[in-house]
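The residues making up each chain are set out below.
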Amino acid sequence: MSTRAFFFVFLMFMNGVPLAQKKELVTEVQEIAASEMKAALLKQQMTMAGTVFSKASNNFDIHYLNCQWKVDPAVRYIQGSVLTGFTMVQRSNIVTLDLMDDLKVDSVTSAGVKLNFYRPFDNSIVVSLGSFLDPGQKGSFEIHYNGVPPASAPFSSFTNSSHAGVPVIWTLSEPYGSRDWWPCKNGLNDKADSIDISITTPDQYTSSANGLLVHETVQGGFRTTHWKHRYPIATYLVALAATNYTILNSSVKLGNVTMPIMEHAYPEKVAEMANAAALTARTLQLLHNSFTPYPFINERYGHTHWGFGGGMEHQTNSFMVNMSETLVVHEAAHQWFGDKITCGSWRDIWLNEGYAVFCVNYNVEKHYPENTLLNLYRSQVNNITSKPNGGVYVDDTTNTARIFDARLTYNKGGWVLQMLRWKLGDAVFFRATRNYLNDTALRYSYAKTTDLKKHFERESGMDLTDFFNDWVYGQGFPSYKLQWAAAGGAWVQTTLSQTTSDTSVDFFEMPVPIRFKNATRDTIIVLNHTRNAQMDFFKLGFIPDSAFIDPKIKLISANNTVVKADLFPNAGNAAVFPNPIGDQFSLLLKGMSEGELYISIYNTAGALVWRKRYGNFKGDELFVIPTTQLSPGNYWLKINKDAEAPIVLRVMK
Ligand SMILES: [Zn+2]
């Protein structure tokens, strides 16, 4: 899903806005985003603590749904019947589904025979199967119901409004709203393998739902449209909409397959939908070619205009407030990340939204100048670091505002993936993502954070526990402090430290890129940051005059500082290069007093292995010290100047 608050951040990529204008919009857009987000969050502050969102029993496995819905866009009311085909998992003679008590059940039937049912007044329905069924036995029942779906906060799941004076009705069930308008399993643990949907409306309206349009009949002033979808589908991705839609049919070539695109446009916005056809095709091709084939390639993709201020990735048919590039890419990405593989709990919602944000960035990377991408990155990292804490993994799933927190679930979730790509490299990142999408235990089913971690670990050969603990389960971000100095010749010496914004993480171990430049030369080195006050030497091949931390925005960080030192920090006035040392090393001492000097080398057991006295030290001097006699290992280099405190440096051979 994408709310208006979220996508305002990316308005600068709106389709049809010239590029030059897009860049200038960044500041303005940030302000709009901030105010929109506040308004949206205030509206969403209503939490649902203590509420149970699903009472459905797990003693049956749903494999088929046949939904017959009758709606009038002008009236907030639904009349329907839902046939549930299932396989028994545990021996029982009852099953329980979720259905709000606002909806009245007229009858429950099975093959024309009435079944007993019971409403416990906890927004569920208990259906008596008539006799005991054993595990593996199949059955079906049909619930006939009607009523006015409740207006739940913050997202009303069943809404009617109007556009250009014409009534429209639509559904938005994520995360907990399906039971507001149909009897279902309202949780994240059972996908129907297949669904048929029939929608009946007054005949001046056209309906939209999941999958392929099979046929349409008009009779007695009513139009009935039959849709079929033959892929597994999570409950919250089942949707309907109806108004005076204009249908636009086109197609997209995905590999060898020419797949239909079917769009439901508001008549007054047909041009907008039609103009986005090339964008939709290009987006599906990018994702199809970069990840795995479009997940519903035997059927179709499409968009449907609605009245909600954002987008929603209903399976094969995203509902859209407009056709902005960001929104089109975001909802298309969800067909892979969210629909094909659905988060296994709302704690793991970043698996859906993080990848959607990642794909939006990836689209910009592929189709826009680097500067546009860096501006987008900057706006996202600024948003993520606008508060010192907050984790990607959702701590409170009763709070819908927290589940859909734009800063944490969307932007930071996306940046966890950006940083995995940076840390592991493109080849490993894309292979691991494809393996995740192809995993037979996950595809067309559900996944949790540990499932994704497992694929990145398997493909990289690395233990990513610390990375996930820091960035997914932990909170906050690092602020880097770099001190650097030209260490003579073509070398620079760096000392990098970090402070963290939240106490849940004491150190973020990351590869940190640093750019060094002068008037004519420019290079980026990558420093593997594993501890504070970490000193490193790099041979650049030129003498830089300035340094920048993370110039191409690979990391979440903020409030970074760079200090150019004339002398060498953290080691008094001494610097060793290179380090690790070879058969000799250079020791540069600067700004010290003149006099008698001792240079000593100790092994880590504390035994002296080399010492030399310099009787006439000048205060600034470069020494070349031979080390052929030392075996590989760690050593302490100690510099004693008269009665002054000794300088001690760790060196490695
Ligand atoms: Zn989304």
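Residues numbered from 1 in each chain as written. Predicted model: local features only at pLDDT ≥ 70, side-chain atom pairs only at ≥ 80, totals over all residues. Heavy atoms only, no water.

1. Things to note about the side chain of T96
Relative to the helices and strands, T96 resides in strand β3 (residues 92-98). Using a relative accessible area of 14% as the deciding quantity, one classes T96 as buried. Setting aside residues no more than four positions away along its own chain, T96 makes contact with K55, A56, S57, F60, S124, I125 and V126. (Helix = DSSP H or I, 4+ residues; strand = E, 2+ residues; numbered from the N terminus. Buried < 20%, exposed > 50% of the residue type's maximum accessible area, 1.4 Å probe, protein only. Contact = heavy atoms within 4.5 Å.)

2. A few points about the packing of aromatic side chains
Note on aromatic pairs: each is described by the distance of the centres and the angle between the planes. Applying the stated criterion to the full structure yields 39 aromatic pairs. Measuring from centroid to centroid gives 6.0 Å for Y245 and Y266, while their planes differ by 15 degrees, and the two rings are stacked. Of this pair, Y245 sits in the loop between β15 (240-243) and β16 (246-254) while Y266 sits in the loop between β17 (257-265) and α3 (270-275), placing them 21 residues apart in sequence. The pair formed by Y245 and Y266 is uniform in burial state, with each residue classed as buried. Here Y355 and Y436 contribute two aromatic rings whose centre-to-centre distance is 6.3 Å and whose plane-to-plane angle is 15 degrees, an arrangement assigned as stacked. Of this pair, Y355 sits in helix α6 (residues 350-367) while Y436 sits in helix α10 (residues 426-438); the two residues are 81 residues apart in sequence, bridging distant segments of the chain. Against the face of F222 rests K70, its NZ or CZ located 4.3 Å from the ring centre. Taking the ring centre of Y446 as reference, the NZ or CZ of K191 above it sits at 5.3 Å. (Phe/Tyr/Trp six-rings, centres within 6.5 Å; stacked < 30°, edge-to-face > 60°. Lys NZ or Arg CZ within 6 Å of the ring centre and 35° of its normal.)

3. Re a negative patch on the surface
On the surface, D463, D466, D506 and E509 cluster together into a patch of negative charge. As for its placement among the helices and strands, D463 is situated in the loop between α11 (449-460) and α12 (465-473). A relative accessible area of 60% means that D463 is categorised as exposed. (Patch = residues over 30% accessible without salt bridge, like charges linked within 9 Å, V, L, I, M, F, W, Y side chains within 5 Å. Areas by Shrake-Rupley, 256 points an atom, 1.4 Å probe, with all protein chains shown as cover. Salt bridge = Lys/Arg side-chain N within 4 Å of Asp/Glu carboxyl O. Lys, Arg positive; Asp, Glu negative; His and termini not counted. Charge placed at Lys NZ, Arg CZ, Asp CG, Glu CD.)

4. Description of α11
Between its first and last C-alpha atoms α11 spans 17 Å; for 12 residues at 1.5 Å apiece the expected length is 16 Å, and the two agree. For α11, every residue scored as buried is listed here: T449, D451, L452, K453, H455, F456 and E457. Along its buried surface, α11 packs onto α6, α9 (406-424), α10, β22 (445-447) and α12. Just beyond α11, the residue with positive phi is G461, at close to 70 degrees. (Expected span 1.5 Å × (residues − 1).)

5. Concerning the sheet that holds strand β28 (residues 546-549)
Spatially, the 3 strands line up as an open sheet ordered β26-β25-β28, and their pairing is antiparallel. Each edge of the open sheet is held by one strand with a lone partner, namely β26 (522-529) and β28. Neighbour-to-neighbour, the strand axes of this sheet turn through a mean angle of 25 degrees, independent of strand direction. As paired elements, strand β25 (residues 510-517) and β26 share 8 bridges and run antiparallel to each other. Looking at β26, one finds that P513 is bridged to V526. Its contacts with the sheet place α9 against β25 and β26, and it is angled at close to 75 degrees to β25. (Pairing = 2+ DSSP bridges. Axes fitted to C-alpha atoms, helices over the stretch in contact; angles between N-to-C directions.)

6. Overview of the sheet that holds strand β29 (residues 561-564)
An order of β27-β24-β23-β29 is seen for the 4 strands of this open sheet, with the pairing classed as mixed. Single-partner strands in this sheet number two, and they are β27 (534-539) and β29. Going across the sheet, the axis of each strand differs from the next one's by a mean of 20 degrees, ignoring polarity. Pairing geometry for strand β23 (residues 478-486) and β29, over 4 bridges, is parallel.

7. Some thoughts on empty space enclosed by the protein
Over the atoms rolls a probe the size of a water molecule, and its path tells where empty space is left. Counting across every chain of the model gives 4 cavities of 30 Å³ or more. Of the volumes computed, that of the largest cavity is approximately 80 Å³. Forming the boundary of the largest cavity are 15 residues, of which I62, L65, W182, A192 and T235 lie nearest the centre. P175, S178, N186, G187, L188, A234, T235, Y236, W346 and Y446 are the residues that line the second largest cavity. (1 Å grid on protein atoms, 1.4 Å probe; cavity = no way out; pocket = protein on both sides within 12 Å on 5 of 7 lines; lining within 4 Å. Points joined across faces, edges and corners; volume = space filled by probe spheres on them.)

8. Details of unusual backbone geometry
For the bond from E174 to P175, the omega torsion is 0 degrees, close enough to zero to count as cis. Among the structural elements, P175 can be located in the loop between β10 (166-171) and β11 (194-202). The backbone of A111 sits at a positive phi, close to 50 degrees, despite the residue not being glycine. Following the sequence through the fold, A111 ends up in the loop between β4 (104-110) and β5 (113-115).

9. Considering the layout of surface pockets
Of the pockets and cavities examined, the second largest pocket occupies roughly 400 Å³. Along the walls of the second largest pocket sit 16 residues, with R531, M535, D536, N579 and R650 positioned nearest its centre. Elements with a contribution of two residues or more to the lining of the second largest pocket: β27 and β36 (647-652). Considering every element that reaches the lining of the second largest pocket, the biggest residue donor is β36, with 5 residues.

10. Quick look at the confidence of the model for the protein chain
In the predicted model, the protein chain carries a mean pLDDT of 89, and 90% of its residues have values of at least 70. A low-confidence stretch, residues 5-50 stays under pLDDT 50, and its non-local contacts, those more than four residues away or across chains, total 79 contacts. (pLDDT = per-residue confidence, 0-100.)

11. Details of α10
Taking 1.5 Å of rise per residue, the 13 residues of α10 would be expected to cover 18 Å, and the 18 Å separating its terminal C-alpha atoms lies within 8% of that figure. Considered for burial, the residues of α10 that qualify are V428, F429, F430, A432, T433, Y436 and L437.

12. Let's talk about the packing of α10 against α11
In helix packing, the relevant descriptors are the interaxial angle and the interaxial distance, both defined with respect to the helix axes. In contact at an axis separation of 9 Å, α10 and α11 are set at 135 degrees when each is read in the N-to-C sense. The orientation of α10 relative to α11 falls into the category oblique. In the crossing of α10 with α11, the sense of the turn from one axis to the other is right-handed. Together, V428, F429, R431, A432, T433, N435 and Y436 of α10 and D451, L452, H455, F456, E459 and S460 of α11 make up the contact between the two elements. A breakdown of the residues in the contact of α10 with α11 according to their chemical character gives 6 nonpolar, 4 polar and 3 charged. (Parallel < 35°, antiparallel > 145°, perpendicular 65-115°, else oblique. Left-handed = near helix turned anticlockwise from the far one by under 90°. Nonpolar A, V, L, I, M, F, W, Y, C, P; charged D, E, K, R; others polar.)

13. Details of the environment of G338
Relative to the assigned elements, G338 resides in the loop between α5 (325-336) and β21 (341-343). When its relative accessible area of 0% is taken as the criterion, G338 is described as buried. As for G338 and W350, which are separated by 12 residues in sequence, their C-alpha atoms are 9.5 Å apart. Excluding its chain neighbours within four sequence positions, the residues that come into contact with G338 are Y236, L237 and N352.

14. Focus on the nonpolar core
Counting 81 residues, the largest nonpolar core has L284, L420, Y436 and F456 as its most contacted members. The biggest single contributor to this core is α6, with 9 residues. Discounting residues that sit within four places of it in the chain, L284 has contacts with V252, L254, M259, I261, Y294, Y301, A332 and W336. (Core = buried A, V, L, I, M, F, W, Y, C linked by side-chain atoms within 4.5 Å.)

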